[in-house]
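# Structural overview
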There are 2 protein chains.
Amino acid sequence: MAARERVTIREVAERAGVSVATVSRVLSGNYPVPPATRTRVLRAAKALDYVANAHARALVGGGRKMVAVVLRQVTSPFYAQVAEGIEAEAAAHGWLCLVGATGGDPQREMEFVQLMREEGARLVVLVGGVVEDDSYRERVARYAQALDASGARLVLCGRPSPDPDIPALVVEFDNEAGALAITSHLLSAGHRRIAFLGGLPGNTSLDARVRGYRAALAAHGLPAGAAHVVDCGLGRAAGHRAMTELLRRNPDFTAVVAGDDMVAAGVLRAAGEAGLRVPHDLSVVGYNDIPLAEDFNPPLTTVRTPSEELGRAAVRLALRDPDRAAGIRHLLGTHIVVRDSVAPPPAPARDL
Amino acid sequence: MAARERVTIREVAERAGVSVATVSRVLSGNYPVPPATRTRVLRAAKALDYVANAHARALVGGGRKMVAVVLRQVTSPFYAQVAEGIEAEAAAHGWLCLVGATGGDPQREMEFVQLMREEGARLVVLVGGVVEDDSYRERVARYAQALDASGARLVLCGRPSPDPDIPALVVEFDNEAGALAITSHLLSAGHRRIAFLGGLPGNTSLDARVRGYRAALAAHGLPAGAAHVVDCGLGRAAGHRAMTELLRRNPDFTAVVAGDDMVAAGVLRAAGEAGLRVPHDLSVVGYNDIPLAEDFNPPLTTVRTPSEELGRAAVRLALRDPDRAAGIRHLLGTHIVVRDSVAPPPAPARDL
DNA sequence: CTGAAAGCGCTAACAT
DNA sequence: ATGTTAGCGCTTTCAG
């Protein structure tokens, strides 16, 4: 039908035969009102199907409890889990949660943050690793400062702060340790020719994983030249393409560390297409332990990152003590989960 | 540090040496202002890092362009894809998108819809199938009527309207046709003893799939008794449990139709644990074609439901002609995608 | 115990 | 071309 006007507090007041002040008082419930009037007001409100105007409320009340989540895309299982954690924790505290997807475009990210400032979000959570260039550093510094100026908090979730002095809360995984552990797992199985697929130079999460990978190699006494990093970026398609390519020009690897589980999915597929059996002919490990990782063929050995907890921790810490949350850095541990995608290399390692 | 006050339009006006009206005019850009003043105002706004207060704007401007999405959980690949479609289409129209997860709890759903009314969402999209009981019917009728009363639209995305007269736009898949097609695919391969895992009596989407499954059986001349539906609900764990159980007490099925791909994942796993090779010993099909379905072991033959398009269509149709959108029903087609999880049954079907 | 009235920050007439 | 002003719907002193 035609957009009838919304019922206002005044109409409720009229119907109940009281003033708007009284209605406001019973609805807010923060002021003693005699049961008789109370009931009358409540009945009138229900009869009219009155809903308060959140904007008017926010205007006078100084903003409302809202956390804004900014991520690359909702369909990535990892991001979705983080978002779910944020949402759950926010809901548990009675906060509203606004989710925005940027598709990885800094421009859209900026617009969204701006929008959130307009909306009066009191918590803005930026999720996921990013390419940390000068533009990024400047952007985040500006967000943090702007948000801070209006009493809001910036939370960096799974990405580092470009500068420890910036008023932002950082909640991260120890990516370097995770990659080190999973690479060591491969080394312990006897592998020596191990490739890393899914680098993305400048991306903080991936750079850390590459560092962990190199560190593991070094710790096992391998020369720096033993490392082979393919910077194909993330995603199933990228992993598939890169693996196909790698197999064509450099087939003598016995194991690959994928930048994340989606890359691993692509790698597994490419290996299968090339007639390689995993783990018999080739070992593959992933990163993140997404819900379907155990349904891969074969079930994937990977690094479990408590993604939902990452989200929960982000808002829990930010809400716990808003004023002290600025500048602190919280690191979440990870551990590897062993399934069936790793076996000793086909030929015994020569240097054992 | 301490929550300084937000910069208001008045401060910008003062700094620029003009009135608030002038500032409002240049910022809204809907009124001619001489370049000189314009520049002065813009400069002042930038210097002060001014951001408009969306609440004040909404209050006077009569709400803002916002679509609210209500779904069970973000981590379900199917829901995530629908949400992504909604988000993308909304963004393309310059609308904001608020996502809320209910965890399947009608109570939370109701609260969220209420919240969205307060926030002034002009479009509320309810995503995903539901158990359609009396309580549901009444709830939806109330949502639709309440939303309609305040000039907002209700969109049912992937769930039916309990009553065609309700002012809601419905965008759905033809679940019956999809299930019929995939079951027929199994029948054509020679299967006769086919189980359906993942029924959820009352759930509209699943009920439709079960109907399609039965219809296919009937169309191939099988008696009604040939149907075997296990009402285990959705999810990987449910599928795994139900399949394990089925295998134990009734192992003579040669194929299973899973309620969705996640159930199929569980079925595949249970089959593997029981030493069955898919598709050699058992054929399995899924529903939805989630992104990782082709990475299952083996790659899953399933029904492709254009989930993202479902979301896009929902907001596109609702936005196209808001007043005519009420009461219309839009059906999206599906098609099966053949991969490697189906083969002829191990022993030749006796009745061929 | 309850009502009147003063804004919250902004836009849109209406003046000048 | 720009300023003045009256609200938008609500909460919250401040009176009565």
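Located above this text is the structure these notes cover.
Bear in mind that the values here come from a model prediction, so they are computed numbers and not experimental data. (Residues numbered from 1 in each chain as written. Chains lettered and ligands numbered in written order. Predicted model: local features only at pLDDT ≥ 70, side-chain atom pairs only at ≥ 80, totals over all residues. Heavy atoms only, no water.)

The full set close to DNA strand D counts 24 residues, and Ile-9, Tyr-50 and Arg-57 of chain A together with Ser-19 and Arg-25 of chain B are the nearest of them. The sugar and phosphate moieties of DNA strand D supply 61% of its atoms located within 4 Å of the protein. One of the backbone N or O atoms of Asn-53 of chain A is found 3.1 Å from a phosphate oxygen in DNA strand D. Mapped by element, the contributors of at least two residues to the surface near DNA strand D are helix H2 (20-28) and helix H4 (54-61) of chain A together with helix H2 (20-28) and helix H4 (54-61) of chain B. A total of four residues in the surface near DNA strand D trace back to one element, the largest contributor, which is H2 of chain A. Taken together, the residues of the surface near DNA strand D sort by class into 12 nonpolar, nine polar and three charged. (Near = heavy atom within 4 Å. Polar contact = N/O pair within 3.5 Å; in protein donor to acceptor, adjacent residues only side chain to side chain. Helix = DSSP H or I, 4+ residues; strand = E, 2+ residues; numbered from the N terminus. Nonpolar A, V, L, I, M, F, W, Y, C, P; charged D, E, K, R; others polar.)

Turning to the sheet that holds strand S9 (residues 283-285) of chain B, a few remarks are in order. Residues and elements named next belong to chain B. Strand order in the open sheet formed by four strands is S7-S6-S8-S9, and the pairing between neighbours is parallel. Edge positions in the open sheet fall to strand S7 (228-230) and S9, since each of these has one partner strand only. Pairwise comparison of adjacent strand axes, ignoring direction, gives a mean angle of 20° for this sheet. In the packing of helix H10 (residues 236-249) onto the sheet, the strands contacted are strand S6 (194-197), S7 and strand S8 (255-258), and the crossing angle to S6 comes to about 145°. Along the sheet, helix H11 (residues 261-273) contacts S6, S8 and S9; its crossing angle with S9, the most-contacted strand, is approximately 160°. (Pairing = 2+ DSSP bridges. Axes fitted to C-alpha atoms, helices over the stretch in contact; angles between N-to-C directions. Contact = heavy atoms within 4.5 Å.)

The tally for this structure, following the rule as stated, stands at six aromatic pairs over all chains. Pairing Phe-196 of chain A with Tyr-213 of chain A gives two aromatic rings, centres 5.4 Å apart and planes at 55°, and the pair type is tilted. Placement of Phe-196 of chain A in strand S6 (residues 194-197) and of Tyr-213 of chain A in helix H9 (residues 204-219) is noted, with a sequence separation of 17 residues between them. The two residues Phe-196 of chain A and Tyr-213 of chain A agree in class, both being buried. Ring geometry for Phe-78 of chain B and Phe-173 of chain B: centres 6.4 Å apart, planes at 50°, overall tilted. Placement of the pair is Phe-78 of chain B in helix H5 (residues 77-92) and Phe-173 of chain B in strand S5 (residues 168-173), with a sequence separation of 95 residues. The same class applies to Phe-78 of chain B and to Phe-173 of chain B, which are both buried. Of the aromatic side chains, those joined through ring pairs into one cluster are Phe-78, Tyr-79 and Phe-173 of chain A. The residue whose ring lies beneath Arg-193 of chain A is Phe-253 of chain A, and the NZ or CZ to ring-centre distance is 5.4 Å. Over the ring of Tyr-31 of chain B we find Arg-25 of chain B; its NZ or CZ atom is 5.1 Å from the centre of that ring. (Phe/Tyr/Trp six-rings, centres within 6.5 Å; stacked < 30°, edge-to-face > 60°. Buried < 20%, exposed > 50% of the residue type's maximum accessible area, 1.4 Å probe, protein only. Lys NZ or Arg CZ within 6 Å of the ring centre and 35° of its normal.)

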